[in-house]
Amino acid sequence: MSEILLKSCGTVLTMDDSRRELVDCDVRLRDGVIVEIGEGLATTGEAILASGCVVTPGLVNTHHHLYQTLTRAVPGGQDALLFGWLQTLYPIWSRFGPEEMFVSAQIGLAELALSGCSLTSDHLYLYPNGSRLDDTIDAARDVGLRFHPTRGAMSIGESDGGLPPDALVEEESDILNDAIRVIDAHHDGSEGAMVRVGVAPCSPFSVSRELMRDAAVLARDKGVMMHTHLAENEEDIAYSLEKFGCRPGQYAEDLGWTGADVWHAHCVKLDGQEIDLFARSRTGVAHCPCSNCRLGSGIAPVRAMRDAGVPVGLGVDGSASNDAGNLVAEARQVLLLQRVASGADAMSAREALEIATRGGAEVLGRSDCGQIAVGKRADVAIWDVSGIESAGSWDPAALLLAGPTRVRDLFVEGRQVVRDGQVSTFDLPRAIERQNTLARALAG
Ligand SMILES: [Zn+2]
């Protein structure tokens, strides 16, 4: 039995069904689960004092491309729109191999952990030079985050009228066979799972209609979730209308890509009918506000989606289009962007934090995560609000208005991953050094 008692927590934003905010209470974590919340609890195990701190569920990241931490701020891609940005980066990514995938994932996951994230998905859609999804799963085991990697794919190269170079695309039969392999090897459908695998063709413009359909059939046969990019910007909509003769929502529905087991990244350009379709079918959305700003894609209709009942989570997106992977900073960006679109009362700090925790857990099908409640997994973030960012705040629990952008302590499945602002599970300074060496070699 392993037990940790979080003692005298200043304010606990539970994100439970009543959205309770508890003051000066203790939270007991035992064997990966939150087992007790109360006052004056005692323990024979480890006690961690959290007086004066704000305690939240671990944040949930619903969209990332971890490998891109190796191509941040690449000069040719700094100011390009989506399609031009991709064409700058594809040739660099084609030189990646297993070590690049592993180290870049370690860095991306550690960066997320330091920003309070306990559960993340990843979308890896290119596998050059012997790279495998397993490389990123190994990294997640080192760092200690709960991980939902997805077996992404591209199958339409330049010679077939697609965007990626032919060297980065795969045969569709190979894609499906490898998806089966990684699901069988790593997917854990049970409560408290640390690894769940999904199926994730890169986007409707990089795979065939047949692969979209076959991937959905495979995912449902295996009982795993499905993920892709959808309706990211105007170019994306124009491509869909020209090539498929319909809008992205219609395309998704026709090929089986709606339902509670599906979540789409971006959805910046969904129209009213598509929002109704997603709400009706419980199709999830990974909203990536910084990436949408960075690539000038637009403002996703998150207010309208939430009001209609669409499950919405938060994503930092890949580090080549953000270029940061700070999830709590991303949560602040959600509320800022919705206010640009719809006014200062469009979204509160607490609602944005809810999207970043409970909302993301729902999108990823994790009703066992995203809340501080008895019986939920012990994924908890402790925020020190005694620093300069919160000095003078009348409401420290409004973390996203005036609060730290780095977590003090982070627990995942009851295990401490961040301690006093430092990753405590693996040698991060060494990983940063390796990452910089690899980046220099790619640039050279
Ligand atoms: Zn993306």
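Note that this is a predicted model, so its numbers are computed, not measured.

Q: Please explain the overall build of the chain as it appears in this structure.
A: Helices and strands together make up the secondary structure of the chain, namely 13 helices and 17 strands. Computed over its C-alpha atoms, the radius of gyration of the chain comes to 21 Å, within 12% of the 22 Å expected for a compact globule of 444 residues. Residue burial in the chain is summarised as follows: out of 444 residues, 61% are buried. For the chain, contacts bridging at least 24 residues in sequence account for 76% of all contacts bridging at least 6. In the chain, 39 side chains carry a positive charge and 62 a negative one; their mean positions are 3 Å apart.

Q: I keep staring at the environment of A439 and nothing clicks. Help me out?
A: Take A439: it is sitting in helix α13 (residues 428–443). For A439 and V407, which are 32 residues apart along the polypeptide, the C-alpha to C-alpha distance reads 27 Å.

Q: For this particular structure, what's the right way to read the state of the cysteines?
A: Under the defined criterion, the tally for this structure stands at zero disulfides. Distance from the sulfur of C202, which forms no disulfide, to the nearest cysteine sulfur (C288) is 13 Å. Cysteine C288 is unpaired, with the sulfur of C267 as its nearest cysteine sulfur at 9.3 Å.

Q: Any chance you could explain the coordination of the zinc ion here in plain terms?
A: The coordination sphere of the zinc ion contains the protein donors H63 (NE2), H65 (NE2), H229 (NE2) and D317 (OD), at a distance range of 2.1 to 2.4 Å. Here the donor residues of the zinc ion are spaced in sequence according to H-x1-H-x163-H-x87-D. Here the residue H63 occupies a position in the loop between β6 (59–61) and α1 (82–93), and H229 occupies one in strand β10 (residues 226–230), the gap between them amounting to 166 residues. The pair formed by H63 and H229 is uniform in burial state, with each residue classed as buried.

Q: Explain the pairing of strand β15 (residues 409–412) here, please?
A: Both faces of the sheet carry side chains from a regular strand, because those side chains alternate between them. With burial as the criterion, each face of β15 is covered, one bearing D409 and F411 and the other bearing L410 and V412. Pairing between strand β14 (residues 380–383) and β15: three bridges, direction antiparallel. In the sheet register, V380 faces β15, and the bridge partner there is F411. Of the strand pairs in this sheet, β15 and strand β16 (residues 415–419) are connected by three bridges, and their pairing is antiparallel. Bridge assignment links F411 to a residue of β16, and that residue is Q416. Counted along the chain from β15 to the antiparallel partner β16, the turn is two residues long, and its residue E413 has a positive phi close to 55°.

Q: Help me understand the pairing of strand β8 (residues 146–153), please; the structure alone is not making it clear to me.
A: Of all eight residues making up β8, eight are buried, and the element is well covered by its neighbours. Alternating residues of β8 divide into R146, H148, T150 and G152 and F147, P149, R151 and A153, and every residue in both groups is buried. Across six bridges, the pairing between strand β7 (residues 117–124) and β8 is parallel. Among the inter-strand pairings, H123 is bridged to a residue of β8, identified as T150. Handedness of the β7-helix α3 (residues 133–143)-β8 crossover: right-handed. Pairing of β8 with strand β9 (residues 198–201) involves four bridges; the strand directions are parallel.

Q: How should I be thinking about the packing of aromatic side chains in this particular structure?
A: Each aromatic ring pair is characterised by the separation of its centres together with the angle its planes make. Enumeration according to the criterion identifies eight aromatic pairs in this entry. Ring centres of Y67 and Y125 lie 5.9 Å apart, and the angle between their planes is 80°; on these two criteria the pair is classed as edge-to-face. Of this pair, Y67 sits in the loop between β6 and α1 while Y125 sits in the loop between β7 and α3, and the two are 58 residues apart along the sequence. Overall, the relative accessible area of 2% leaves Y125 in the buried class.

Q: Just checking my understanding: could you explain the side chain of E274 for this structure?
A: Inspection of the secondary structure puts E274 in helix α8 (residues 272–281). On the basis of relative accessible area, E274 is assigned to the buried category, the value being 5%. Separated by 2.7 Å, the side chain of E274 and the backbone nitrogen of G249 make a polar contact. Excluding anything up to four places from it in sequence, E274 contacts R247, P248, G249, Q250 and K269.

Q: For this particular structure, what's the right way to read the nonpolar core?
A: Within soluble globular proteins, side chains that are nonpolar generally end up buried alongside one another. Counting residues in each nonpolar core, the largest one holds 119 residues, and the members touching the most others are W85, W93, L109 and W257. If sequence neighbours within four positions are ignored, W85 has contacts with Q68, G77, A80, W93, R294, L295, A320 and S321. In this structure, I4, L6, V27 and A378 belong to the second largest nonpolar core, which totals 18 residues.

Q: Would you mind going over the environment of V312 with me for this structure?
A: On the secondary structure map, V312 appears in strand β13 (residues 312–314). With a relative accessible area of 2%, V312 lands in the buried category. Sequence spacing of V312 and T283 is 29 residues, and the spatial spacing of their C-alpha atoms is 9.0 Å.

What counts, and where the lines are drawn
- Residues numbered from 1 in each chain as written.
- Predicted model: local features only at pLDDT ≥ 70, side-chain atom pairs only at ≥ 80, totals over all residues.
- Heavy atoms only, no water.
- Helix = DSSP H or I, 4+ residues; strand = E, 2+ residues; numbered from the N terminus.
- Rg over C-alpha atoms; globule rule 2.2 N^0.38 Å.
- Buried < 20%, exposed > 50% of the residue type's maximum accessible area, 1.4 Å probe, protein only.
- Contact = heavy atoms within 4.5 Å.
- Lys, Arg positive; Asp, Glu negative; His and termini not counted.
- Charge placed at Lys NZ, Arg CZ, Asp CG, Glu CD.
- Disulfide = S-S within 2.5 Å.
- Donors = N, O, S within 2.8 Å, 3.2 Å for Na, K, Ca; no water.
- Pairing = 2+ DSSP bridges.
- Right-handed = clockwise from strand over helix to strand, strands pointing away.
- Phe/Tyr/Trp six-rings, centres within 6.5 Å; stacked < 30°, edge-to-face > 60°.
- Polar contact = N/O pair within 3.5 Å; in protein donor to acceptor, adjacent residues only side chain to side chain.
- Core = buried A, V, L, I, M, F, W, Y, C linked by side-chain atoms within 4.5 Å.

The quantities given are spatial measurements derived from coordinates; they are silent on function.
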